[in-house]
Amino acid sequence: MVALPIACRIDGTSLAGDGQSILPLAYGADTAPNLIINGDFATDTVWTKGGGWTIGSGAASIVGNSGTLSQAYAFVVGAQYEITFTVTAYTAGAVTPRFTGGSIVNRTTRSSAGTFTQALTAATGNTTLGLLASGGSTMSVDNVILRRIR
């Protein structure tokens, strides 16, 4: 006799409707769904722009300013997420990916052009993904992807 897997929703509840909770399958970073909406900045929607951020021409940009570009998300405490983003047109400043709301979780600050991938673990109260530009930043950000990996 072969045991067949039970189909489940991403939250781990059974599709059979019996209310039984099961562990969801773990995604690999390549197959997990992107949790960010409009990460390609195709439109000027969804993102909250602070401190001089603008969205246009398929990117989010900041010129000579500091502030946070952010998007709300209901993070699961203790879950690990992977963020990937591309910095272009870099001439000054730095950008730090972070989770805010409750305990702030910062990752490595980047001060150059390139595509960066980093893991963050959600803490109590995290409700927002932010990209904090500092140091009078002049740069563009594009292709933001956030995936739950554990």
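What you are looking at is a predicted structure, and each value in this text was computed from that prediction instead of being measured.

Peer 1: What is the right way to look at the overall build of the protein in this model?
Peer 2: The helix and strand tally for the protein stands at zero helices and seven strands. Secondary structure of the protein in N-to-C order comes out as β-β-β-β-β-β-β. Per-residue burial for the protein yields a buried fraction of 38% across its 150 residues. Partitioning the intrachain contacts of the protein with sequence separation of at least 6 by distance along the chain shows that 64% fall at a separation of at least 24. For the protein, the exposed surface amounts to about 7800 Å²; the carbon and sulfur share of it is 56%.

Peer 1: Explain the nonpolar core to me, please; I cannot follow it from the model alone.
Peer 2: One recurring pattern in soluble globular proteins is that nonpolar side chains are buried together. The biggest cluster of nonpolar side chains holds 27 residues, and the ones touching the most others in it are Ile83, Phe85, Phe99, Leu129, Leu131, Val144 and Leu146. No other element matches the seven residues that strand E7 (residues 128-148) contributes to this core. Not counting chain neighbours up to four residues away, the residues in contact with Phe99 comprise Phe75, Tyr81, Ile104, Val105, Leu120, Thr121, Ala122, Asn126, Thr128, Leu129 and Leu146.

Peer 1: I would appreciate a short explanation of the pattern of salt bridges in the present structure.
Peer 2: Pairs may arise between side chains of opposite charge once their charged atoms sit close together. In the structure shown here, the tally under the stated rule is one salt bridge. For Asp44, the salt bridge is made with Lys49, and the minimal N-O distance between the two is 2.7 Å. A relative accessible area of 35% places Lys49 in the partly exposed class.

Peer 1: For this particular structure, what's the right way to read the environment of Gly67?
Peer 2: In this structure, Gly67 sits in strand E3 (residues 59-72). Judged by its relative accessible area of 12%, Gly67 is buried. Once the C-alpha coordinates of Gly67 and Lys49 are considered, the two residues, 18 residues apart in sequence, prove to be 8.0 Å apart. When sequence neighbours within four positions are dropped, the list of residues in contact with Gly67 reads Gly50, Gly51, Trp53, Ile62, Leu131, Leu132 and Ala133.

Peer 1: What am I meant to see in the side chain of Ser137 here?
Peer 2: Within the secondary structure layout, Ser137 lies in strand E7. Owing to a relative accessible area of 0%, Ser137 belongs among the buried residues under this scheme. Not counting residues within four places of it along the chain, the set of residues in contact with Ser137 comprises Ile62, Val63, Gly64, Asn65, Ala92, Gly93 and Ala94.

Peer 1: Just checking my understanding: could you explain the environment of Ile37 for this structure?
Peer 2: With respect to the helices and strands, Ile37 occurs in the segment before strand E1 (48-49). Accessibility expressed as a relative area gives 51% for Ile37, which makes it exposed. Measuring from C-alpha to C-alpha, the distance between Ile37 and Trp47 comes to 8.5 Å, with ten residues separating the pair along the chain. In contact with Ile37, not counting residues within four places along its chain, are Val46, Trp47 and Gln71.

Definitions and cut-offs
- Residues numbered from 1 in each chain as written.
- Predicted model: local features only at pLDDT ≥ 70, side-chain atom pairs only at ≥ 80, totals over all residues.
- Heavy atoms only, no water.
- Helix = DSSP H or I, 4+ residues; strand = E, 2+ residues; numbered from the N terminus.
- Buried < 20%, exposed > 50% of the residue type's maximum accessible area, 1.4 Å probe, protein only.
- Contact = heavy atoms within 4.5 Å.
- Areas by Shrake-Rupley, 256 points an atom, 1.4 Å probe, with all protein chains shown as cover.
- Core = buried A, V, L, I, M, F, W, Y, C linked by side-chain atoms within 4.5 Å.
- Salt bridge = Lys/Arg side-chain N within 4 Å of Asp/Glu carboxyl O.

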